[in-house]
Amino acid sequence: MSWAGDVSSLVDFFSTVLRLSTPIVFAALGGVLAERAGVFNVSLEGCILGGAFGAATGAYLLGTPVGGLVFGILFAAAIGCVLAGLAVGLGINQLVTGIAINILVLGLTSYLARLILGADATSTLPGFAPVAIPLLSSIPLIGPVLFNQDPLAYLMYLAVPLSYWFLYRTPWGLNVRAIGDYPVAADTVGVSVPGVRAICVITSCVLGGLGGCYLVLCQVFVFTENMSAGKGWIALAAVILGRWNPALVFVACIFFAFSEALQLRLQFNNPDVPYQLFSMVPFLASFVALVAFAGRVRPPAAIGTKYVRGGK
Amino acid sequence: MTAQGLRLEKISKTFGDFKALDGVDMTVPRGTVHAILGENGAGKTTLMNILYGLYQPDGGRILIDGAPQRITSPRRAMELGIGMIHQHLMLVETLTVVENVVLGLPGQGMRLSLAEHARKLEALAKSFGFDIDPHQEVWKLPMGMRQRVEILKVLYRDANLIILDEPTSVLAPSEVEGFLEGLRRLRAAGKTIIFISHKLDEVAAVADRVTVLRRGTVSADLAVAGTPPSEMARMMVGRDVVLTTLEKTSPTSDEVLVRIRDLKARDNRGNQALKGVSFDIRAGEILGVAGVDGNGQAELAEALTGLRQAEGGTVELSGEDVSAAGVYERRHRLGISFVPEDRHGTGLVLDLPVYQNAMIRDFRESPFSSGPMLRAASARKVAEDWVKRYDVRLQSVDQAIRFLSGGNQQKLIFAREVECRPRLLVIMQPCKGLDVGAIEAVHRTVLAERERGTAILYISTELEHILSVCDRVAVMCAGRITGIIAPEEATPERIGALIGGLEEEKVA
C-alpha cells in the first residue's frame, strides 16, 4: 500500500470517528448540563430521536435544512418541557419519567413519520453540505478530517468549550453546580432551584435534539424508526466516564466513537469472521472503560432527588 | 423606644391547627447579641424563618430601624441586610470558599471574577480577624472554619442583622470558644446578632438579652447579666430540671462484661481510623468516650455493633470472643444494643409508623411475630406501652415517625434498644439536637439501664454530658485512647490535653 493510500485510509477512518461522535457529543453535553443541575436525563435517547424526527419533518415541509434544524430544536425542547414539568415541577421519579418519555417518543415519531412523510419517507431530504474552511482544511490529515465538515459539526466544536466556560466561568454555571450538589444552599441565597433545573433540563434536551438533527441533516438525509439506536445511552455512559466535566466527556465520546469506527473497519476487513463478534467491541470497550476509570467517581450529590424546601 | 434595630410586634403563624407562634413581641437594639432560648418545637426556627422571608406571618408586623417591612423572600431579607446562618450549614462542600460566598450574589453579570472576589473576601475576613484561604475547597475545612465561611457569606452581602440557628451544634467543644469570640467581634463592629440556642452556658457567655419562647409564646424577656442559668432553664421548660449532676450509686459489680483488646478498623475512605483501642466495661458501668468528632468514635461504635468489619483485635463479651459474629448474632444472641448518631438515617425509618419503628429491632421474635407472620396488633400494644412508659409524645402509634420531634424520636429508639434487655448498650451522640427536657429523659434512661447491670458505652462530643453520667471517661484522639480517667479527676486542662492527643504519661 502506498503512503498516499495510507493517509487517505486514515482520513477516512478519523472522519468516521468524528461522524459517529458528533451526535453523542451533543447528547452527552446535554447530559452533563442536566446532571450537574441534579436531574438525570435518561430521555436523551428520546431527545435524539425526537430531534431527528423534527429535523426530517421541518426539512420535508419547508424544503430547507435550516427549517429542519428549527423544527428539530423545537421538538426536542417540547420533550424537555415535558421532562422538566414532570420531573422538576411535579417531582415524579426522574428515571421513570425519562424512560416513559423514551418509549413515548419512539412510538410517537414512528406514527407521525408515517402520517407526515408517508410515501416520501425514503426519499432524500435536503441537508447541510460540508463547508471547507479555507487554509485550515488544506492541512494534511487534520484538515480534511476536522475542517471540511458540515455546520453542525462546527457547532459541536464550539459547544464543548462553551459548555466548559458556562459551567466553570460564569455565575450561572456556579448556580448549576451548586444546585446539583446541595440545592438548599442555592435556595437560601435566593437562587430558584426549580427554575435553574427546568432551564437546564430543557437545554439538555435541545442539545440531545441537535444530535438527532445532525443524524438527519448531515448524515443520512432520511428519517427511520428508532434511528437513535442507543446513542443516547452511550452518551449517558460518556457523562459518567467523563466525570461530568465537558472536556473529559468529549474525550469519552471520542473514545466510544473510536471503538465503533474500529469495529466497522474490522467487520469490513474480515468478512469471514461473524460480524456479531465485532459489533460487541464498542460495548466491551465501554464496560472496560467504566470499570477501569469510573471506580471512584463522585456524581453530583443531589442527583436524582427532587428538591422540597424545608424537607428533611 | 429607639428606632434603631429590629422590632417584632404580635407575630403569629399557624400551620394547620397548630399555633407555631402566637403573638410574639421582641425588640433587638442595634449592636447587641440577643439570644432566643426554647425547647425543640417552641417556635424558634419558625420565628427566624419568618424574619428571613421563608415563611409569611399570619399576623403582626416587622419593623427594621423603625420602618415596617414585608419580607417576602430570602432575597428581600438580604436586601434589608438580614443574613441567616442555618443550623445545617448551607455550603456546597465540593466548591471553594469563594465560590460558596459568591453563589447567588446579585449583580455579577456574566463573568465569574473569582480572583477579584477572593481578594475582597480576604480583606473582609482580615477585618474581623478571621484567617481563611478563599480557594480552599469547603470539604477540606474543619466545622468551625466552615461556620466562619457561612458568617463571611452573610457579611459579604453587607448583612447588619445576623441570625444564627443553633450555631454551636455542629462544632467540636474546642471550637466553641473561638466561635463565641467571633460573635463578640461582630458585635464590636456594630452588627446585630440573633442567636438561637438551647445551650444555657453559651447564652450566658455571650448574649446581652434573652427571649425565652415556650409553645409559641414569649415566656420571658430579660437581661442575661444577673440571671442564673438555672432560672433560664426553668423558664424554658416550665419546670425545674436537673442541670448537671445526676444521682447515681457506685457501680454494682466488679464483673468485667466487655473486654476490647487492640481493636483496629479502617474508615470508608480506607484510612486507619482505629489504631488499636483497648478497654474494659464492667456490668453496670457507663464508660464515656469523649473527643473531637471524627477521631474514630463512629468506627468504634460500628466495629462493636458489627456494622464495620474490624481489621484486628478482639471483642469479648463475658469471656466469649465474639469478634467474628455478624450484626444479627451480635444484636440478638449476644444482646448488643445500639443507639446510633444518625437518628434519621440509621436509627429509624422515617416514613414507617411509630409501632413499626418500635418492632424493627426484634421483629422476628415474639411478641412482634409468631412463626413467619408479623403480629401488628400485639406490636401496637407493645408500642403503646413503651410510649406511655418513656413519655413519647405523639398522636397515635400509627403516625409516621417523621412527624415526631427529635426528642420523642430518640425516646422511642431508647425504648426499643433497652426493652430487649441488652448486655451491652452502645450509645452515640444521644443528645444531638435535643432540648434540656429530652436530654434529661435520655440520661434517666441510661442511668436506669446502668442500675439494671448493663455495660454501657456512651460516646459523645458533649463533655458536660459525659462528665455528668459516666463512671469513667475514655478520651479518643486520632484513633487511639489517650487516657481513661474518673470524672472527678477530669479537670478542663487534663481533658483538653487528652483530647489534643497528649497521652497520660506525657501529661503527668
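Just so we're clear, the structure is a prediction, and the values are computed from it rather than from any experiment. (Residues numbered from 1 in each chain as written. Chains lettered and ligands numbered in written order. Predicted model: local features only at pLDDT ≥ 70, side-chain atom pairs only at ≥ 80, totals over all residues.)

**Some remarks on the overall build of chain B**
Then, number 1: Along its length, chain B carries 18 helices and 22 strands.
Then, number 2: Here chain B has a C-alpha radius of gyration of 24 Å; the compact-globule value for 508 residues is 23 Å, and the two agree.
Then, number 3: Taking the principal axes of its C-alpha atoms as reference, chain B extends roughly 70 × 55 × 50 Å.
Then, number 4: Counting only residues that meet the buried cut, chain B has 45% of its 508 residues in that class.
Then, number 5: Sequence separation of 24 or more characterises 67% of the internal contacts of chain B that already satisfy a separation of 6 or more. (Helix = DSSP H or I, 4+ residues; strand = E, 2+ residues; numbered from the N terminus. Rg over C-alpha atoms; globule rule 2.2 N^0.38 Å. Buried ≥ 20, exposed ≤ 12 C-beta atoms within 10 Å, placed from the backbone. Contact = placed C-beta atoms within 7 Å.)

**Overview of the overall build of chain A**
Then, number 1: The number of helices and strands found in chain A is 13 helices and two strands.
Then, number 2: Dimensions of chain A, computed from the C-alpha atoms along their principal axes, are close to 70 × 45 × 45 Å.
Then, number 3: For chain A, with 312 residues in total, the buried portion stands at 48%.
Then, number 4: At a minimum sequence separation of 6, the contacts of chain A that also span at least 24 residues come to 76%.

**A word on the packing of helix α4 (residues 114–127) of chain B against helix α5 (residues 143–156) of chain B**
Residues and elements named next belong to chain B.
Then, number 1: Following both chains from N to C, one finds α4 and α5 inclined at 110°, their axes separated by 11 Å at the closest point. One way to sum up the angle between α4 and α5 is to call them roughly perpendicular. Contacts between α4 and α5 involve L121, L124 and A125 from the former and L152, L155 and Y156 from the latter.
Then, number 2: Residues that form the contact of α4 with α5 fall into these classes: six nonpolar, no polar and no charged. (Axes fitted to C-alpha atoms, helices over the stretch in contact; angles between N-to-C directions. Parallel < 35°, antiparallel > 145°, perpendicular 65-115°, else oblique. Nonpolar A, V, L, I, M, F, W, Y, C, P; charged D, E, K, R; others polar.)

**A short note on the interface of chain A and chain B**
Then, number 1: On the side of chain B, 20 residues touch chain A, which itself brings 17 residues to the contact.
Then, number 2: Elements with a minimum of two residues in the side of chain A that touches chain B: α7 (171–181) and α8 (183–188) of chain A.
Then, number 3: Top element by residues in the side of chain A that touches chain B is α7(A). It accounts for six residues.

**Regarding the packing of helix α6 (residues 151–169) of chain A against α7(A)**
All names here are of chain A.
Then, number 1: Direction vectors running N to C along α6 and α7 enclose 75°, while the axes themselves pass 5 Å from each other. With respect to their mutual orientation, α6 and α7 come out roughly perpendicular. Taken together, the residues of α7 that come into contact with α6 (itself represented by F166, L167, Y168 and R169) are W172, G173, V176 and R177.
Then, number 2: Here the residues of the contact of α6 with α7 sort into five nonpolar, one polar and two charged.

**A closer look at the domain arrangement of chain B**
Then, number 1: Split by domain assignment, chain B resolves into domain 1 (5–237) and domain 2 (256–341 + 421–507).
Then, number 2: Using only C-alpha atoms to locate each centre, domain 1 of chain B and domain 2 of chain B end up separated by 34 Å. (Domains from an automatic or database assignment.)

**Topic: helix α13 (residues 376–389) of chain B**
All names here are of chain B.
Then, number 1: With 14 residues, α13 extends 20 Å between its outermost C-alpha atoms, agreeing within 8% with the 20 Å of an ideal straight helix rising 1.5 Å per residue.
Then, number 2: The complete set of buried residues in α13 reads A379, V382, A383, W386 and V387. Take α13 and look down its axis: the buried residues cluster within an arc of 140°, on one side only. Exposed and oriented more than 90 degrees from the buried face of α13 are A377, K388 and R389. (Expected span 1.5 Å × (residues − 1). Arc of directions from axis to C-beta.)

**Points about the environment of G54(A)**
Residues and elements named next belong to chain A.
Then, number 1: Examined against the element boundaries, G54 turns out to sit in helix α2 (residues 44–62).
Then, number 2: A count of 29 C-beta atoms within 10 Å places G54 in the buried class.
Then, number 3: Separated by 107 residues in sequence, G54 and P161 have C-alpha atoms that sit 26 Å apart.
Then, number 4: Ignoring any residue separated from it by four or fewer positions in sequence, one finds G54 in contact with F71, G72, L74, F75, A76 and G209.

**Remarks on unusual backbone geometry**
Then, number 1: That bond from S366(B) to P367(B) is cis: its omega, 5°, falls within 30 degrees of zero.
Then, number 2: Of note, P367(B) is situated in the loop between α12 (354–359) and β17 (369–370).
Then, number 3: A positive phi angle, close to 60°, is found at W244(A), a residue other than glycine.
Then, number 4: Structurally, W244(A) can be placed in the loop between α10 (231–241) and α11 (246–269).

**Focus: the pairing of strand β4 (residues 59–64) of chain B**
All names here are of chain B.
Then, number 1: Bridging between strand β1 (residues 5–15) and β4 involves five bridges; their strand directions are antiparallel. Paired with E9 across the bridge in β4 is R61.
Then, number 2: Sheet topology places β4 next to strand β5 (residues 67–69); three bridges connect them, and they run antiparallel. Looking at the pairing, I62 lines up with Q69 of β5.
Then, number 3: Counting the residues that bridge the hairpin from β4 to β5 gives two residues, and of these D65 lies at a positive phi of roughly 50°. (Pairing = 2+ DSSP bridges.)

**With respect to the sheet that holds strand β11 (residues 256–266) of chain B**
All names here are of chain B.
Then, number 1: Reading across the sheet, the four strands line up as β12-β11-β14-β15 and stay open at both edges, with antiparallel pairing between neighbours. Each edge of the open sheet is held by one strand with a lone partner, namely β12 (272–282) and β15 (320–321).
Then, number 2: Where β11 lies against strand β14 (residues 312–317), five bridges are found, and the strand directions are antiparallel. Within the sheet, the bridge partner assigned to V258 lies in β14 and is L317.
Then, number 3: Across the sheet, helix α9 (residues 297–305) touches β11, β12 and β14, and the angle it forms with β12 is around 65°.

**A word on the sheet that holds strand β16 (residues 336–339) of chain B**
All names here are of chain B.
Then, number 1: The strand order across the open sheet built from six strands is β16-β19-β20-β13-β21-β22, with neighbouring strands paired in mixed fashion. Strand pairing shows two members of the sheet lacking a second neighbour, β16 and β22 (480–485), which therefore form its edges. Taken pair by pair, the neighbouring strands of this sheet meet at an average axis angle of 20°, ignoring direction.
Then, number 2: In the packing of α9 onto the sheet, the strands contacted are β13 (286–290), β16, β19 (424–428), β20 (455–459) and β21 (472–477), and the crossing angle to β19 comes to about 150°.
Then, number 3: Against the sheet, helix α15 (residues 436–451) touches β13, β19 and β20, its axis set at about 150° to β20.

**Quick look at the environment of N295(B)**
Residue and element names in this part refer to chain B.
Then, number 1: On the secondary structure map, N295 appears in the loop between β13 and α9.
Then, number 2: Each C-alpha atom, one on N295 and one on A478, is 4.7 Å from the other, the two residues being 183 residues apart in sequence.
Then, number 3: What N295 contacts, discounting residues up to four positions off in sequence, is M476, C477, A478 and G479.

**Observations concerning the nonpolar core**
Then, number 1: In terms of nonpolar packing, the biggest core is built from 238 residues, with A28(A), A52(A), A238(A), I163(B) and Y458(B) touching the most fellow members.
Then, number 2: Among the elements that take part in this core, helix α9 (residues 193–220) of chain A stands out by supplying 16 residues, more than any other.
Then, number 3: Mapped onto the domain boundaries, this core takes at least three residues apiece from domain 1 (5–237) and domain 2 (256–341 + 421–507) of chain B.
Then, number 4: If we skip the residues at most four places from it in the chain, A52(A) touches G212(A), C213(A), L215(A), V216(A), F223(A), M227(A) and S228(A). (Core = buried A, V, L, I, M, F, W, Y, C linked by C-beta atoms within 7 Å.)

**Points about α4(B)**
Then, number 1: Taking 1.5 Å of rise per residue, 14 residues should cover 20 Å, and α4(B) covers 20 Å from first to last C-alpha, within 8% of that figure.
Then, number 2: Residue G129(B) follows α4(B) closely and has a positive phi angle near 75°.

**Observations concerning the confidence of the model for chain B**
Then, number 1: Across chain B, the average pLDDT comes to 86, with 93% of residues at 70 or higher.
Then, number 2: Among the prediction metrics, the complex's ipTM stands at 0.83, with pTM recorded as 0.73. (pLDDT = per-residue confidence, 0-100.)

**Some thoughts on the environment of G51(A)**
Residue and element names in this part refer to chain A.
Then, number 1: Residue position: G51 is located in helix α2.
Then, number 2: Separated by 27 residues in sequence, G51 and A78 place their C-alpha atoms 10 Å apart.
Then, number 3: Sequence-distant contacts of G51, that is, excluding residues within four places in its chain, are made with G72, F75, A76, G208, G209, L210, G211, G212 and C213.

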